[in-house]
Amino acid sequence: MRKVLHAFAALADLGEEIAETNDFEEMVRSALHVVLGALGIRRGAVAEFEREASALRVVATRGFGEAFPPEVSSLLKIDSAHADAHTNGAGPHISSSQGVSRLEREIKGLFACGEVEVVMPLVVRGELVGAIMLGGKARGDSFSTEDREVIRSLGRHIGVGLHNHRLLREVERRAVENRKLYEDLKAIYKDTVRAFAVAIDCKDKYTQGHSERVGKYSEIIARELGWSEEEVEGIAIAGYLHDIGKLIVDRDIINAPYPIDAKKSSELNRHPAAGYEILRPIKHPFADIPLMARYHHERPDGRGYPDGLKDEEIPLGAKIVSLADSFDAMTTDRPYRRRRSFVEVLADFRRNAGQQFSPAVVAALCRALL
Ligand SMILES: [Fe+2]
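Residues numbered from 1 in each chain as written. Predicted model: local features only at pLDDT ≥ 70, side-chain atom pairs only at ≥ 80, totals over all residues. Heavy atoms only, no water.

A. Molecular detail of the packing of aromatic side chains. The final tally for this structure, using the stated rule, is four aromatic pairs. Between the aromatic rings of Phe 327 and Phe 349, the centroid separation amounts to 6.2 Å while the plane-to-plane angle is 50°, which identifies the pairing as tilted. In this pair, Phe 327 sits in helix H12 (residues 316–330) while Phe 349 sits in helix H13 (residues 342–352), placing the two residues 22 residues apart along the sequence. Exposure class is identical for Phe 327 and Phe 349. Each is buried. The aromatic ring of Tyr 276 is capped on one face by Arg 294, whose charged end is 5.1 Å from the ring centroid. (Phe/Tyr/Trp six-rings, centres within 6.5 Å; stacked < 30°, edge-to-face > 60°. Helix = DSSP H or I, 4+ residues; strand = E, 2+ residues; numbered from the N terminus. Buried < 20%, exposed > 50% of the residue type's maximum accessible area, 1.4 Å probe, protein only. Lys NZ or Arg CZ within 6 Å of the ring centre and 35° of its normal.)

Right, dumping it as structure tokens:
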């Protein structure tokens, strides 16, 4: 009896660990050894019922040797409807030579091994979570009523451990699913943004790929400024979308030969505010994207548009997109002028730092490219 009490104490400790441990199988093996040791049984096994596969998977065995190799019997099909019929509302029970339940018989049949004397389905809250299979007692005695009580109690304990482990796995599985769902949505958002970038650039026959490049340059600058990965992703998207307001500007105005008259110019200059209005109703993963579109033509000296903001009023993200925008405009061919070299353009930026561009942002671009 002392041995049995000791076994209970050992299992109480194991119960907690079964739910928490990564080495779940090791814990089940230990629990099985406790049961076998407490009752003087040479052979035994614990199987877990896997709902998805509708199968019993042997988690731990002892003493069956080649007759019970877990790798062979690791997935034994069991009819789940059948299992439900037996387990719904029924507590765990122990087989007897007179009246074994169908489930017990079935499990015994699955583990076609003559040396299994006792089969105990493990049922928690009406659900089959596993089974314990035990061989005869080492001294050849038959199982007493007391032995069966002990097996039932220890089995309930192991069953709760299996059940907790199942819940934990379920939580983990859902976490993985949610993560995947989030990644998928993010990918859809990014693809949509890219599609818009292409649509924006299509309106202007001279700026193929401009928006995507502005996104890339913005990303480089933000990374150089030590922004987090999430913020860097956000600024790249702001770069892709900064000119989205051009979608509402007439194509003839966008493509008008340089220099354009005042009327056309003011029409064209509507695009940052229009972009803000287009982007504002969308719930972006990166909240400042509409503002970056609105302020990408603002200047630290206050001579920018649409709001004529002063240096400290312009968000850093908008300053980054602004510089990336000018950098791409100056390093690509335009109808009114040839592209200039990186070095020339950066020298120009340095001269204009504080007026048209933020000095800190210019310095970051220079550091990243030179
Ligand atoms: Fe623009």
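So that's the structure; there's more coming.
B. Representation of the layout of surface pockets in the model. By volume, the largest pocket amounts to about 1,200 Å³. Secondary structure elements with two or more residues in the lining of the largest pocket: helix H5 (145–203), helix H6 (210–224), helix H8 (251–254), helix H9 (262–268), H12 and H13. The biggest single contributor to the lining of the largest pocket is H12, with five residues. Within the lining of the largest pocket, the residues separate by chemical class into 17 nonpolar, 14 polar and twelve charged. (1 Å grid on protein atoms, 1.4 Å probe; cavity = no way out; pocket = protein on both sides within 12 Å on 5 of 7 lines; lining within 4 Å. Points joined across faces, edges and corners; volume = space filled by probe spheres on them. Nonpolar A, V, L, I, M, F, W, Y, C, P; charged D, E, K, R; others polar.)

C. A look at the pattern of salt bridges. This structure, assessed with the given rule, holds 30 salt bridges. Residues Glu 224 and Arg 367 are paired through a salt bridge, measuring 2.9 Å at the closest nitrogen-oxygen approach. Of this pair, Glu 224 sits in helix H6 while Arg 367 sits in helix H14 (residues 359–369), placing them 143 residues apart in sequence. Judged by its relative accessible area of 32%, Glu 224 falls in the partly exposed class. In this structure Arg 367 comes out as partly exposed when scored by relative accessible area, which is 46%. Among the salt bridges present, the one from Arg 294 reaches Asp 307, with a minimum N-O distance of 2.8 Å. One end of the pair, Arg 294, is in helix H11 (residues 289–294); the other, Asp 307, is in the loop between H11 and H12, with 13 residues separating them in the sequence. With a relative accessible area of 17%, Arg 294 lands in the buried category. For Asp 307, a relative accessible area of 35% gives the class partly exposed. (Salt bridge = Lys/Arg side-chain N within 4 Å of Asp/Glu carboxyl O.)

D. Structural detail: the coordination of the iron ion. Taken together, Asp 243 (OD), His 271 (NE2), His 296 (NE2) and His 297 (NE2) make up the protein donors of the iron ion, found 2.2 to 2.3 Å from the metal. Each of the four donor atoms bound to the iron ion contributes to angles spanning 82 to 168°, and the resulting shape is irregular. In the primary structure, the donors to the iron ion are separated according to the pattern D-x27-H-x24-H-H. Taken together, the residues His 271 in helix H10 (residues 271–279) and His 296 in the loop between H11 and H12 connect sequence positions 25 residues apart. An identical accessibility class is assigned to His 271 and His 296; each is buried. (Donors = N, O, S within 2.8 Å, 3.2 Å for Na, K, Ca; no water. Tetrahedral: all angles 85-135°; square planar, octahedral: opposite > 155°, others 65-115°.)

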